[in-house]
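Chain by chain, the residues run as shown.
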Amino acid sequence: MSTEDALGIDPETTALVLVDFQRGVVEGMGGATALGPHTAEDAVGRARRTATALRELGGLVVVVRGSMGLSGVPFPTPRTDAGVPSGVPVPPHWAEIVPRLTDCADHVVTKHQWGSFYGTELEVLLRRNGVTTLLLAGVATNLGVESAAREAYDRGFEQVLIEDATTAFDAAAHHDSVSRVMPLLGRVRSTEQVLAAFARH
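Scope of this entry: the structure provided in the associated data block. As a convention, each chain's residues are numbered from 1 in the sequence order in which they are written. Given that this is a predicted model, residues contribute local features only at a pLDDT of at least 70 and side-chain atom pairs are listed and counted only at 80 or more, while totals for whole chains, interfaces and linings are drawn from all residues. The basis for every side-chain value is the complete set of heavy atoms in the structure, and neither hydrogens nor water enter the calculation.

So, about the overall build of the protein. Across its full length, the protein holds 7 helices and 6 strands. The order of helices and strands in the protein, counted from the N terminus, is α-β-α-α-β-β-α-β-α-β-α-β-α. Residue burial is assigned from relative accessible area. The probe radius is 1.4 Å, only protein chains are included, and a residue is buried under 20% of its type maximum, exposed over 50%, and partly exposed in between. Counting the 201 residues in the protein, one finds 48% classified as buried. Only heavy atoms matter for contacts: two residues are in contact if any of them lie within 4.5 Å across the pair. Taking all contacts inside the protein whose residues are at least 6 apart in sequence as the whole, residues at least 24 apart take part in 83%. Areas reported here follow the Shrake-Rupley algorithm with a probe of radius 1.4 Å; residue values treat only the protein chains shown as occluding. Accessible surface, the protein: about 9,600 Å² in total, of which carbon and sulfur atoms supply 53%. In this text, helices come from DSSP runs of H or I with a minimum length of four residues, and strands from runs of E with a minimum of two, each type numbered from the N-terminal end.

Our focus in this paragraph is helix α3 (residues 40–56). By this rule, a helix spans an expected 1.5 Å times one less than how many residues it contains. Between its first and last C-alpha, α3 extends 24 Å over 17 residues, near the 24 Å set by a 1.5 Å rise per residue. Buried residues of α3: A40, A43, V44, G45, A47, T50, A51, A53 and L54, and no others. If you follow the buried residues of α3, they end up packed against β1 (14–19), α2 (23–26), β2 (60–66), β4 (133–139), β5 (158–167) and α7 (191–198). In the stretch just after α3, G58 is the one whose phi turns positive, near 90 degrees.

The nonpolar core is taken to be a set of buried Ala, Val, Leu, Ile, Met, Phe, Trp, Tyr and Cys residues, with the residues joined through side-chain atoms within 4.5 Å. Core analysis: the largest hydrophobic core is formed by 35 residues, its most contacted members being L16, L18, F21, L101, L135, V194 and F198. Discounting residues that sit within four places of it in the chain, L18 has contacts with A47, V61, V62, V63, V64, L101 and A137. Of all hydrophobic cores here, the second largest spans 24 residues; its members include V19, L125, F157 and L185.

Following V139, the chain continues to A140 via a peptide bond in cis, the omega torsion being 0 degrees. Tracing the sequence through the fold places A140 in the loop between β4 and α5 (141–154). At D20, a residue that is not glycine, the phi angle is positive and equals roughly 60 degrees.

Time to look at the side chain of T166. Turning to its location among the elements, T166 is positioned in strand β5. The class for T166 is buried, based on a relative accessible area of 0%. Pairing of N or O atoms within 3.5 Å defines a polar contact, subject to two protein rules: one partner must be a possible hydrogen donor and the other a possible acceptor, and residues neighboring in sequence count only if both atoms are side-chain atoms. A distance of 2.8 Å separates the side chain of T166 from the backbone oxygen of I162, its partner in a polar contact. Apart from the residues lying within four places of it in its own chain, the contact partners of T166 are H38, A43, L136, A137, G138, T141, V145, L161 and H174.

This brings us to the pairing of β2. Most of β2 is tucked away: 6 of the 7 residues are buried. Here, a strand pair is defined by DSSP locating no fewer than two bridges between the strands. Across 5 bridges, β1 lies against β2 in parallel orientation. Of the residues in β2, the one forming a bridge with A15 is L60. With 5 bridges connecting them, β2 and strand β3 (residues 107–111) associate as parallel partners. Of the residues in β3, the one forming a bridge with V63 is V108.

Within the fold, R127 resides in helix α4 (residues 122–128). Through-space distance from the C-alpha of R127 to that of T13 is 9.8 Å; in sequence the pair is 114 residues apart. Not counting the four nearest positions on each side in its chain, R127 is found in contact with R155 and F157.

Turning to the pattern of salt bridges, a few remarks are in order. For this document, the term salt bridge refers to a Lys or Arg side-chain nitrogen within 4 Å of an Asp or Glu carboxyl oxygen. The tally for this structure, following the rule as stated, stands at 11 salt bridges. Salt-bridge contacts for R150 lead to E146; the nearest nitrogen and oxygen are separated by 2.9 Å. Pair noted here: R150 and E146 are both in helix α5, with a separation of 4 residues, about one helical turn. Taking the relative accessible area as the measure of exposure, R150 reaches 43% and is therefore partly exposed. For E146, a relative accessible area of 10% translates into the label buried. In the salt-bridge network here, residues are joined through shared partners; they are R23, E27 and E96.

The next subject is the packing of aromatic side chains. What describes a pair of aromatic rings is the distance from one ring centre to the other and the angle between the planes of the rings. Note on ring pairs: Phe, Tyr and Trp rings are taken, using the six-membered ring of Trp, and paired if centres are within 6.5 Å. Classes follow the plane angle, with under 30 degrees stacked, over 60 edge-to-face and the rest tilted. Across all of its chains, the model carries 1 aromatic pair by this definition. Ring centres 6.1 Å apart and planes at 35 degrees place the aromatic pair F117 and F157 in the tilted group. Of this pair, F117 sits in the loop between β3 and α4 while F157 is found in the loop between α5 and β5, placing the two residues 40 residues apart along the sequence.

What follows is the structure, given as structure tokens:
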């Protein structure tokens, strides 16, 4: 059986969760605009293709964006060795969804931490819409996306990471998350494999 056959996606009980595809992340803070191994533009394009196809089949698309407040610091903020710098001004457009995805979302969820579920309405939204399977994409693979995947696993959701609609601030971090962590939480597939699974409906 091929990996496409094994996906078993029912679009009507599936949600595409797009994590941190927002201007402040995609465009980068402090000039950090290089992403790897996929460019942000390519990841956004693949996310859009998937969103369009899923919505046509009756699935749900949720965009999760992070809002750290005017100080640029998440809250609560426990001490860490690599803490979030304080006093960094946050541009007004920081939490805006990237333009190519603004018309793709059925719902927009705002988070205040790495995770997409903690302190947000995401789980209630998914449960009320009968969602049992999540497709995940976003930036950065090893940060917001992986955090969402860990939370989703704890809540019993089936999940598929769309590897090439996801990227990180360096290729090594992306590869580590995709090869070591995500296979423990769900399945890892390409955009084409997910679209092929849709085509069976």
